[in-house]
Amino acid sequence: MGERPEQTGLESPDMRSSAVPTDPMSVAVIRPMVMTLILGAYLLVSFTILVPSDDLPMTSQALLVAWASTLCNVLVLYYHYTRPAHPKFLMLRSRRSILSWHIVSGSVQLVSLLWAYGTGQPGPTIVAAATALLLHVPTFLYQTPIVFGAKAVMTPSYWFVIALHAFCAVRLLLDPSSEALVLQTYLALNTYMWCRVFSVLFQRFGLFRDSLYTVSIFIPGFVTFPAVIGPVAPLVLIGFILLYVGSYHLLYRPDDEALRYFFREHSRYSLPDLSAKQDWILRRTAAAGGGSAEGMSLGEKAPAKAVFSLLDQNQDGVLDWSEVEGVLIEWKASTFYRSAIGRFHGTGQSWAFEEFYRRIWRFRPMASPVSMIFDRGRTYSETKRADLVFDRLDMDRSGYVEAFELRMLLVEWGVPAEEVAGYVQHFDDNRDGRFSREEFRVRFGPIWRFCFHQMEGGRIPT
């Protein structure tokens with residue numbers, strides 16, 4: 001993701017390249033348009049030729065997959081009703097609305113398609129098809145850019161299932177009395193549900209730890225697609241992913257950093273490599289004469305001051321953004337993460353020692369080991385849950401959580417940087433850049449509820 005002066009860090013990081021275009025329109029319009037045309041043509045031709053319109057291949061097996069999907073839907077609904085949603089879906093009113101419409105439209109489709117298949121009436125099929133095209137497909141497209149996992153696989157996999165769902169819905173709308181099309185559309189819809197099933201199963205059994213999101217999205221296609229398209233479906237999906245990757249290479253000419261981002265698994269968005277950070281701190285502390293590496297704590301200011309002085313080459317008592325960014329680069333922080341820090345602090349602003357110490361040196365993501373011990377037999381009140389998370393975030397025990405810390409936490413969880421800035425600023429009524437315990441409890445319920453659930457279960461936020 002070779003960073004260029006004109007980049008803001010707000011565009012999709014996987015769509016950056018090393019080539020500097022002579023015409024900005026080629027980046028903003030032409031490249032995405034050409035890529036969309038190539039991928040859209042592939043899907044349209046493939047679905048038109050391969051998806052049967054009169055009967056399903058292996059009908060008995062397709063019915064078995066459909067009934068298994070119905071059963072799993074009950075379990076998935078229970079899962080969602082008993083666990084807090086990821087904050088990235090709840091932080092802004094627009095995303096909450098989109099999520100609500102997505103859930104409602106999916107539920108309407110499930111009921112309508114089951115009703116239609118059981119009664120043979122065309123009315124419910126029209127409702128299901130229209131709901132899919134007007135609500136469910138658009139709301140899913142809206143959420144696709146913030147998915148986790150490897151972008152090279154996750155994005156085309158999402159697009160594939162969304163396109164297949166839309167294709168089946170259009171055909172069902174044109175022929176609402178077809179039992180085969182009802183079943184096709186039902187199976188395409190349930191691909192989303194199987195993603196959640198496999199994600200929970202893989203987490204529970206400790207499988208695919210380094211590629212959980214990508215595998216959880218990729219595998220469901222092998223469950224439902226053959227029943228909709230036929231035995232060739234896995235090859236069609238793989239071909240689409242390869243076409244997506246090839247088009248990206250051809251049109252965007254990505255540099256090495258962009259490729260690493262494109263293919264790397266993202267359980268969170270672009271955090272620094274914590275082992276690289278620790279090694280760097282230990283080496284720099286020793287070089288600065290700040291003490292030996294053994295037994296050093298990141299909470300100690302003496303070694304931090306020694307390293308700060310070493311970095312402050314002109315000895316003016318502050319670091320400029322290029323010096324701070326150089327540290328982040330050595331910590332293997334991605335361009336996206338560096339851009340977020342620069343945006344929230346200001347690339348033109350200097351960094352005094354206290355700011356460097358709090359925001360860089362002592363930075364501890366929520367993904368680090370949880371030190372709090374929970375009493376499994378105890379029921380925590382809402383207030384206590386909020387206070388436990390607040391204490392976790394208030395690293396310097398100042399009695400406040402900084403807006404900067406909340407912003408970086410949300411970036412860690414994959415919320416787009418522009419949404420992070422708007423959300424935190426919206427609740428900072430007095431514009432002092434920090435939140436008290438009471439403000440945090442009242443204003444940031446989606447954050448502390450999700451944090452507490454993850455920490456209570458012994459898991460890290462994902």
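Residues numbered from 1 in each chain as written. Predicted model: local features only at pLDDT ≥ 70, side-chain atom pairs only at ≥ 80, totals over all residues. Heavy atoms only, no water.

## Comments concerning the confidence of the model for the protein chain
Phase 1: Within the protein chain, residue pLDDT values average 80, and 82% of them lie at 70 or more.
Phase 2: Within the model, pLDDT remains below 50 along residues 1–23, and this stretch shows 58 contacts once partners closer than five positions in the same chain are excluded. (pLDDT = per-residue confidence, 0-100. Contact = heavy atoms within 4.5 Å.)

## Topic: empty space enclosed by the protein
Phase 1: Enumeration according to the criterion identifies four cavities of 30 Å³ or more in this entry.
Phase 2: Roughly 70 Å³ of volume is contained in the second largest cavity.
Phase 3: Taken together, Ser157, Tyr158, Val161, Thr191, Cys195, Ile217, Phe218, Gly221, Phe225 and Leu237 make up the full set of residues lining the second largest cavity.
Phase 4: Elements that contribute at least two residues to the lining of the second largest cavity include exactly α5 (151–174), α7 (191–205), α8 (212–218) and α9 (221–228).
Phase 5: No other element matches the three residues that α5 contributes to the lining of the second largest cavity.
Phase 6: Class assignment of the residues belonging to the lining of the second largest cavity gives a composition of seven nonpolar, three polar and no charged. (1 Å grid on protein atoms, 1.4 Å probe; cavity = no way out; pocket = protein on both sides within 12 Å on 5 of 7 lines; lining within 4 Å. Points joined across faces, edges and corners; volume = space filled by probe spheres on them. Helix = DSSP H or I, 4+ residues; strand = E, 2+ residues; numbered from the N terminus. Nonpolar A, V, L, I, M, F, W, Y, C, P; charged D, E, K, R; others polar.)

## Regarding the nonpolar core
When a protein is soluble and globular, its nonpolar side chains tend to lie buried together.
Phase 1: If you look at the biggest cluster of nonpolar residues, it comprises 57 residues, and the most contacted ones within it are Phe47, Phe160, Leu164, Leu187 and Ile229.
Phase 2: With twelve residues, the single largest contributor to this core is α5.
Phase 3: When neighbours within four sequence positions are excluded, Leu187 is seen to be in contact with Ala62, Val65, Ala66, Thr224, Ala227 and Val228.
Phase 4: Formed by 54 residues, the second largest nonpolar core is a distinct cluster that contains Ala304, Leu393, Leu406 and Met408. (Core = buried A, V, L, I, M, F, W, Y, C linked by side-chain atoms within 4.5 Å. Buried < 20%, exposed > 50% of the residue type's maximum accessible area, 1.4 Å probe, protein only.)

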